[in-house]
Amino acid sequence: MSQKPPTYLGGEYGMRSWLLTLDHKRIALLYLLGVTFFFLLGGVFAVLVRLELLTPAGDLFQSETYNKLFTLHGVFMVFFFLIPGIPAVLGNFLLPLMIGAKDLAFPRINLLSWYIYMVGGLFTLYAMLAGGVDTGWTFYTPYSSTYANSHVIAAALGIFVSGFSSILTGVNFIATIHKLRAPGLSWFRLPLFVWAHYATSLIMVLGTPVVAITILLVAVERLFHVGLFDPALGGDPILFQHLFWFYSHPAVYIMILPAMGVISEVIACFSQKRIFGYKFVAFSSLAIAVLGFLVWGHHMFVSGQSLYAGVVFSLLSFLVAIPSAVKVFNWIATLYRGSISFEAPMLYALGFIGLFTIGGLTGLFLATLAVDVHVHDTYFVVAHFHFVMVGGTVMAYLAGLHFWWPKMLGRLYPETLARITAVIIFVGFNLTFLPQFVLGYLGMPRRYHVYPLEFQVLNVLSTAGASILGLGFAMTAVYLPWSLRYGKKATPNPFDARGLEWTTTSPPMAHNFEEVPVVSTEAYERDEPEVVHV
Amino acid sequence: MVLIHEQASLMSEHGHVLPLRIYFGVFFALLAGTALTSWVATIDLGHLNDAVALAIAGTKAALVILFFMHVRYSSKLIWVFSLAGFVWLVLFFVLILADYETRVPVQGWG
């Protein structure tokens, strides 16, 4: 009887074996530590913002400090948590496992991408420690150019550098999905998580260079006085917004597409059904990736962009709702007559469907020109994108983290506690952000820390919700690490899920599989044995 | 026979090998393109100024991609990805120009 090879956690020990690892699973865990750190940092700034907004007066901070708080919250959350979160942690860990490969196509580039990400993060951290940055996470000119009075260059350089990490991850995923699929694993047998990451990678590769160059252009204008965005030098500030949003709107889809991939896997597992309309869900990922590049002007309806362009961008923005709705309807159709169970990942997934739908539909309000003029730069917008990014991406991240936790680390998390936490997070989230829709509609602008008395009740509700949300995150941060020592040992497939990753040990061995798997059935097939080994 | 087989595998491993004259030909074509861009910039072609400059730049970029980056000798998949980059660039320009070409100047500004 042959002995099983050691798991990827047990083969080698010591700091060096981790910092020089080429194993995609270990690199995923390095990313997990990185994104968790930046999530905590972004969370601290969110807490400070919500505390300040508890009262109408500016009790805790000066206006300048408040500007820095919401900027740093946005910068760390968007660029260092939401964008890399699911692809770099779950994608890195799972893609090779899901397609039956030993690793990603370029393991060294994978490790390099983590180092680049960390260097970018440290630059931005330096900007924070040196005094912060106050432009808002969008770095709009002239705040970031003519009138910049904070550490814009250092923060922007951090984002510029971390962009390369994103590009390298995207290239790696595309090459891996094209070249390293197991025998028999045709495109239409791929798990939808893989399709979602393929679409995400396309956006990463095609969009990220544009924002990197845009940030570079801001630096060129500041350092060499080349007229690009400053009207006094012959430039146009709105050009910055075009260049910025050409990447940063699709970046929303970098955040949400992998999340949708997670939801497809979780719903298929806990409904014990094949995803309804598999091909539609797969192609809707590509459709979102393509259409997502054509809608950036809806951020600029009141910026001075021409009305004609506004109308075109408004129409195009409505189109993105179609593939998004295709996904939501197909998930609901999958649930129909499914054998549903409500484990923690499923609770997060169901939460995702409801919250993402609200976030998406309010996006249509904002895509409507006249409505946007009324609610632009108000708390309505803040509520909308938090429903998409927190209600969508963070819920899916937590769904995925719980779903694959036993696979990643070989231990089961405490199920009851996790379910309670999922409910707490859902309640806390809604109490935080639903009042903000009303606040925005009533006219409270974003990015102000002093507001009229009539807005206080809703702000108190929002801050109360944030504390509940924070409690939920804190509980997760306690019981998941706790489970590493005290959790029950996980079997290879504790949730009776389908997919190649569940056919190997928990945690997997260094090269993932003892033998190359051969796939002979469709994704999520439940009637037949899925895989045979050669 | 074995040698030919080894050479073939070497070719596929290291890509298509081109004669030096092609590299130099493309290099001089790029220099000529640069000279042409400079010369055209001295002539006022009205609305065509930008179009002509972009056409020359586009041709130069195509030469680099096709020959220096070996896309001409690559698989269809590489062609699809290379073209996708161009399509994205076109979308980028078209939608930005949809704004710039239709802006109404505000009285008293600019």
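In what follows, the accompanying structure is described. Small disclaimer: the values here were computed from a predicted structure and weren't measured. (Residues numbered from 1 in each chain as written. Chains lettered and ligands numbered in written order. Predicted model: local features only at pLDDT ≥ 70, side-chain atom pairs only at ≥ 80, totals over all residues. Heavy atoms only, no water.)

### A word on the interface of chain B and chain A
Between chain B and chain A, the residue contacts involve 13 residues of the former and 24 residues of the latter. Carbon and sulfur atoms supply 79% of the area buried between chain B and chain A, which totals about 1,600 Å² over both sides. Together, W88(B), F92(B) and L95(B) form the three largest contributors to the area buried by chain B at its contact with chain A, with a combined 40%. Here chain B is connected to chain A by one salt bridge. Where D236(A) meets R103(B), a salt bridge forms, and the shortest distance between an N and an O atom there is 3.3 Å. Inspection of the region where chain B meets chain A yields six residue pairs in polar contact (both at pLDDT 80 or more). Here the side of chain B that touches chain A is built from residues that sort into nine nonpolar, two polar and two charged. (Contact = heavy atoms within 4.5 Å. Buried area = accessible area lost by both parts, 1.4 Å probe. Salt bridge = Lys/Arg side-chain N within 4 Å of Asp/Glu carboxyl O. Polar contact = N/O pair within 3.5 Å; in protein donor to acceptor, adjacent residues only side chain to side chain. Nonpolar A, V, L, I, M, F, W, Y, C, P; charged D, E, K, R; others polar.)

### Remarks on the pattern of salt bridges
Counted by the stated rule, this structure contains eight salt bridges over all chains. Between D496(A) and R526(A) there is a salt bridge whose closest N-O contact spans 3.5 Å. One end of the pair, D496(A), is in the loop between α14 (456-486) and β1 (517-519); the other, R526(A), is in the loop between β1 and β2 (531-533), with 30 residues separating them in the sequence. With a closest N to O distance of 2.9 Å, D99(B) and R103(B) form a salt bridge. (Helix = DSSP H or I, 4+ residues; strand = E, 2+ residues; numbered from the N terminus.)

### Focus on the packing of aromatic side chains
Residue and element names in this part refer to chain A. The final tally for this structure, using the stated rule, is 51 aromatic pairs over all chains. For the ring pair Y66 and F70, a centre distance of 5.7 Å and an interplane angle of 70 degrees mean the geometry is edge-to-face. Here the residue Y66 and the residue F70 both occupy positions in helix α3 (residues 63-98), the gap between them amounting to four residues, near one helical turn. You can call Y66 buried: its relative accessible area is 1%. Accessibility expressed as a relative area gives 15% for F70, which makes it buried. Relative to F283, the ring of F188 has its centre 5.7 Å away and its plane inclined at 65 degrees; by these criteria the two rings are edge-to-face. Taken together, the positions of F188 in the loop between α5 (152-179) and α6 (192-224) and F283 in helix α8 (residues 278-291) put the pair 95 residues apart, joining distant regions of the chain. For F188, a relative accessible area of 30% translates into the label partly exposed. Following the ring pairs from residue to residue traces out a cluster consisting of Y31, F37, F38, F45, F76, F80 and Y117. Looking at R26, its charged tip hangs above the ring of W18, at a distance of 4.2 Å from the centre. (Phe/Tyr/Trp six-rings, centres within 6.5 Å; stacked < 30°, edge-to-face > 60°. Buried < 20%, exposed > 50% of the residue type's maximum accessible area, 1.4 Å probe, protein only. Lys NZ or Arg CZ within 6 Å of the ring centre and 35° of its normal.)

### Some details on the environment of N172(A)
All names here are of chain A. By secondary structure assignment, the location of N172 is in helix α5. Along the chain, N172 and P107 lie 65 residues apart, while their C-alpha atoms are 8.4 Å from each other. Look past the residues within four positions of N172 in its chain and what remains in contact with it is L104, A105, F106, I109 and N110.

### Focus on a nonpolar patch on the surface
All names here are of chain B. On the surface, L20, F24, F27, F28, L31, F68 and M69 cluster together to form a nonpolar patch covering roughly 740 Å² of accessible area. When residues in the nonpolar patch are grouped by element, the largest group, five residues, is from helix α2 (residues 20-40). You can see M69 is positioned in the loop between α3 (48-68) and α4 (76-100). For M69, a relative accessible area of 55% puts it in the exposed group. (Patch = residues over 30% accessible without salt bridge, like charges linked within 9 Å, V, L, I, M, F, W, Y side chains within 5 Å. Areas by Shrake-Rupley, 256 points an atom, 1.4 Å probe, with all protein chains shown as cover.)

### Looking at the layout of surface pockets
Rolling a probe over the atoms, with the probe sized like a water molecule, indicates the empty space that remains. In this structure, the second largest pocket spans a volume of roughly 1,700 Å³. In this structure, the second largest pocket is lined by 49 residues; those nearest its centre are A84(B), G85(B), F86(B), W88(B) and L89(B). Of all the secondary structure elements, the ones that give two or more residues to the lining of the second largest pocket are α5, α6, α7 (237-271) and α8 of chain A together with α3 and α4 of chain B. At 14 residues, α4(B) tops the list of elements feeding residues into the lining of the second largest pocket. Classifying every residue of the lining of the second largest pocket gives 39 nonpolar, seven polar and three charged. (1 Å grid on protein atoms, 1.4 Å probe; cavity = no way out; pocket = protein on both sides within 12 Å on 5 of 7 lines; lining within 4 Å. Points joined across faces, edges and corners; volume = space filled by probe spheres on them.)

### So, the side chain of N512(A)
Residues and elements named next belong to chain A. Mapped onto the elements of the fold, N512 is located in the loop between α14 and β1. According to the relative accessible area criterion, N512 is buried, its value standing at 0%. Here the side chain of N512 touches K102 through a polar contact of 3.1 Å, landing on its backbone oxygen.

### Quick notes on unusual backbone geometry
Residues and elements named next belong to chain A. Cis geometry is adopted by the peptide bond preceding P142, which originates at T141 and carries an omega value of 5 degrees. You can see P142 is positioned in the loop between α4 (107-129) and α5. In the segment running from S506 into P507, the intervening peptide bond is cis, with an omega of -5 degrees. Although it is not a glycine, F139 adopts a positive phi angle of roughly 55 degrees. Checked against the element boundaries, F139 lands in the loop between α4 and α5. Despite not being glycine, R337 has its phi angle at roughly 60 degrees, a positive value. Inspection of the secondary structure assignment puts R337 in the loop between α9 (307-335) and α10 (344-367). With relative accessibility at 74%, the residue R337 sits in the exposed group.

Function cannot be read off these values alone, since they describe shape.
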